[in-house]
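Single-letter residue listing:
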Amino acid sequence: RERERERERHDPSAMSATMKTMRVRSPQRQAPKASAARVQAGKANTRTPQFGGRAQGPSAGNNSSSSPRGAAASAPCASSVVSEAAASCAKLDQGSAKDLLGGAKAFIFDCDGVIWRGDKLIEGIPETIQGLRDAGKKLIFVTNNSTKSREGYLKKFLSLGLEISAEEIYSSSYAAAAYLKANNFPTDGSKKVYVIGEVGIMEELELAGIPHFGGPEDASAKITLGKGVKMPHDEDVSAVIVGFDREINYYKIQYATLCIRENENCEFIATNRDAVTHLTDAQEWAGNGSMVGAIAGSAAREPTTVGKPSTFMLDDIADQFKIDKSEICMVGDRLDTDIMFGQNGGLKTMLVLSGVTREETLLSEENQIHPDLYTSKLADLLPALNEINGSA
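Read on for an overview of the structure. (Residues numbered from 1 in each chain as written. Predicted model: local features only at pLDDT ≥ 70, side-chain atom pairs only at ≥ 80, totals over all residues. Heavy atoms only, no water.)

Side note on the pattern of salt bridges
Part 1: All told, the structure shown has 14 salt bridges when counted by the stated rule.
Part 2: One salt bridge in this structure joins lysine 156 and aspartate 119, with 3.7 Å as the shortest N-O distance. In this pair, lysine 156 sits in helix H8 (residues 150-159) while aspartate 119 sits in the loop between strand E3 (116-117) and strand E4 (120-121), placing the two residues 37 residues apart along the sequence.
Part 3: Salt-bridge contacts for lysine 377 lead to aspartate 380; the nearest nitrogen and oxygen are separated by 3.2 Å.
Part 4: Take aspartate 380: its relative accessible area is 22%, and that puts it in the partly exposed class. (Salt bridge = Lys/Arg side-chain N within 4 Å of Asp/Glu carboxyl O. Helix = DSSP H or I, 4+ residues; strand = E, 2+ residues; numbered from the N terminus. Buried < 20%, exposed > 50% of the residue type's maximum accessible area, 1.4 Å probe, protein only.)

Below, the structure written as structure tokens:
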């Protein structure tokens, strides 16, 4: 080993196989790829549902790693500080904004970090939304937050002064119900859904006519342990949905685990696996990924994820709104959900820096996910919109 070190000091190309392996396996260098793999875990686990439907899970659709868009996304991004490769990420300017608006007939927006932060609108949002409507664009507002139903989110939009219809909103709570409906989950009471989550999931399942229980009603449930204690569970539970739950507890974790592990062909569905969320505009808070991770760990199974970046949500949106994917632009603030969601479906993508992602993160050599365009906030489209609408 000493002879190898001496040789490497004089000839770097003579680095030993052991040291090369150690460098390749460096956690710091490999972290972005591990993160991307974790985001895709829900897709890899898709299987044909056992309650009578067609296979329509998040693994359907384009794989960004095998497409030209995916290949471009794996290239280094431009940065005068951290990288010299300039082709992958373009900062929005008047010309690229006009090109984008000329080619996109529809825009899908993430909500947290794009439209609002916490309970406050981001600067210029009302004017931008109106400008896009004036330009004839179709708008869809997508959120991975499952705590509200579409009607619940409509109330938030209206409270912030935004004129949006419920049909323009697509939440991960709605996606969970839509996934079960698409796969013919029975509504006759023969099968049930156990919910870890809040009222949004419960309301969407109710509207879909799908029998369900759990959620807020188990907020105060406890387990009293003692010698020989065995926790009972409903053997008719054929799906467990895990969404963001501020009242998650050990009872819920154990109940969900028993259903997934012991009930034959029980589906494990995650609304999303976001690491953090914006409960307030003061800081980031632990997201649904922490709750899904708890169940995945105890049940020893990965879930089917129906929210971003899975392609189920996008396929359902395109079908409902009758939009060709090549004419859609996805706008979001997260690389590993919003931008990957767009790239998985072959959409144009634009990252805004008004939410989670910072410019230094986007432009770092470690980042493996690159949007077509990026800008500071959605309202940066206004100058181009004003020019287009003024000449229309």
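And the narrative resumes.
So, the side chain of asparagine 288
Part 1: Looking at the element boundaries, asparagine 288 is found in helix H12 (residues 288-299).
Part 2: Note on asparagine 288: relative accessible area 2%, which makes it buried.
Part 3: Within the local environment of asparagine 288, its side chain forms a polar contact with the side chain of threonine 271, the two groups lying 3.3 Å apart.
Part 4: Apart from residues lying up to four places away in sequence, asparagine 288 is in contact with Val242, Gly243, Phe244, Thr271, Asn272 and Asp274. (Polar contact = N/O pair within 3.5 Å; in protein donor to acceptor, adjacent residues only side chain to side chain. Contact = heavy atoms within 4.5 Å.)

Observations regarding unusual backbone geometry
Part 1: Along the chain, lysine 308 connects to proline 309 via a cis peptide bond; the corresponding omega equals 5°.
Part 2: Phi angles above zero are rare outside glycine, and asparagine 184 is one such case at about 60°.
Part 3: With respect to the helices, strands and loops of the structure, asparagine 184 is situated in the loop between helix H9 (172-182) and strand E7 (192-196).
Part 4: With a relative accessible area of 45%, asparagine 184 lands in the partly exposed category.

Quick word on empty space enclosed by the protein
Part 1: Inspection of the entire model under this criterion finds 1 cavity of 30 Å³ or more.
Part 2: The calculated volume of the largest cavity comes to roughly 150 Å³.
Part 3: Broken down by secondary-structure element, the contributors of at least two residues to the lining of the largest cavity are strand E11 (276-277) and helix H14 (335-344).
Part 4: Here the lining of the largest cavity is built from residues that sort into 2 nonpolar, 8 polar and 7 charged. (1 Å grid on protein atoms, 1.4 Å probe; cavity = no way out; pocket = protein on both sides within 12 Å on 5 of 7 lines; lining within 4 Å. Points joined across faces, edges and corners; volume = space filled by probe spheres on them. Nonpolar A, V, L, I, M, F, W, Y, C, P; charged D, E, K, R; others polar.)

Quick word on the environment of lysine 222
Part 1: Structurally, lysine 222 can be placed in the loop between strand E8 (212-214) and strand E9 (237-242).
Part 2: Under the relative-accessibility criterion, lysine 222 is labelled exposed at 75%.
Part 3: Expressed as a C-alpha distance, the spacing of lysine 222 and lysine 252, which sit 30 residues apart in the sequence, is 8.8 Å.

Examining the sheet that holds E7
Part 1: The parallel open sheet is built from 5 strands, whose spatial order is E8-E7-E9-E10-E13. Every interior strand has two partners, whereas the edge strands, E8 and strand E13 (304-305), have only one.
Part 2: Note: E7 against E9, 5 bridges, orientation parallel. Its bridge partner being in E9, lysine 192 is matched across the sheet by valine 237.
Part 3: Sitting on the sheet, helix H11 (residues 250-262) is in contact with E7, E8, E9 and strand E10 (267-270), with an inclination near 145° to E7. (Pairing = 2+ DSSP bridges. Axes fitted to C-alpha atoms, helices over the stretch in contact; angles between N-to-C directions.)

Everything listed here is a matter of geometry and, on its own, says nothing about what the molecule does.
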